[in-house]
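So the chains spell out like this:
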Amino acid sequence: MKKLILLLLPALCFSCYQAEPNCGHFKTGNYESEITVNGKKKKTLSVRTNSMVIETYDGKTDTASIRWINDCEYVLQKTNPKTMQEKKAIDIKILTTSKNSYTFEFGLVGSDAKQKGKAKQLN
């Protein structure tokens, strides 16, 4: 009986394995993202094409170029940065997906400091 349990244990654990996120259909479209900043939820509206993203956050609209690393990771670079901080690129990695939403983590390229958020596809 112990041998049977030992043989079935890997099969049971396989069902616990989470499949690779299906990120491909999130490359373009309209999105509403939500992150928490200093304990407050903040929303961003985004329009994403193959080469650029137009985002509206806190009443300000900004444009960035987008470069996809793979189906689940991309880098944003502001088109017209006004400060040294805005010149720094942001790395975004999609962690999990569902039919019309995904969770992601983001941070400055090269930094270990990451934040998480959730995005919902609007179209």
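Residues numbered from 1 in each chain as written. Predicted model: local features only at pLDDT ≥ 70, side-chain atom pairs only at ≥ 80, totals over all residues. Heavy atoms only, no water.

(A) Fine view of the sheet that holds strand β6 (residues 90-97). If you trace the eight strands once around the closed barrel, you get β1-β2-β3-β4-β5-β6-β7-β8, paired in antiparallel fashion. Looking at each pair of strands side by side, their axes are set apart by 35° on average, direction ignored. As paired elements, strand β7 (residues 101-108) and strand β8 (residues 115-121) share six bridges and run antiparallel to each other. Paired with Glu105 across the two strands is Lys116, which belongs to β8. (Pairing = 2+ DSSP bridges. Helix = DSSP H or I, 4+ residues; strand = E, 2+ residues; numbered from the N terminus. Axes fitted to C-alpha atoms, helices over the stretch in contact; angles between N-to-C directions.)

(B) Region of the structure containing the pattern of salt bridges. One pass over the full model with this rule turns up six salt bridges. Between Glu34 and Lys41 there is a salt bridge, and its shortest N-O distance comes to 3.5 Å. Each of Asp62, Lys78 and Glu86 takes part in salt bridges that share partners, so that together they form one network. (Salt bridge = Lys/Arg side-chain N within 4 Å of Asp/Glu carboxyl O.)

(C) The arrangement of the nonpolar core in detail. Counting residues in each nonpolar core, the largest one holds 17 residues, and the members touching the most others are Ile66, Tyr74, Leu76, Ile92, Ile94, Tyr102 and Phe104. Of all the elements in the fold, those that place two or more residues in this core are β1 (29-37), β4 (60-70), β5 (73-78), β6 and β7. Excluding residues that lie within four positions of it along the chain, Tyr74 makes contacts with Arg48, Ile66, Arg67, Trp68, Ile69, Ile90, Asp91, Ile92 and Tyr102. (Core = buried A, V, L, I, M, F, W, Y, C linked by side-chain atoms within 4.5 Å. Buried < 20%, exposed > 50% of the residue type's maximum accessible area, 1.4 Å probe, protein only. Contact = heavy atoms within 4.5 Å.)

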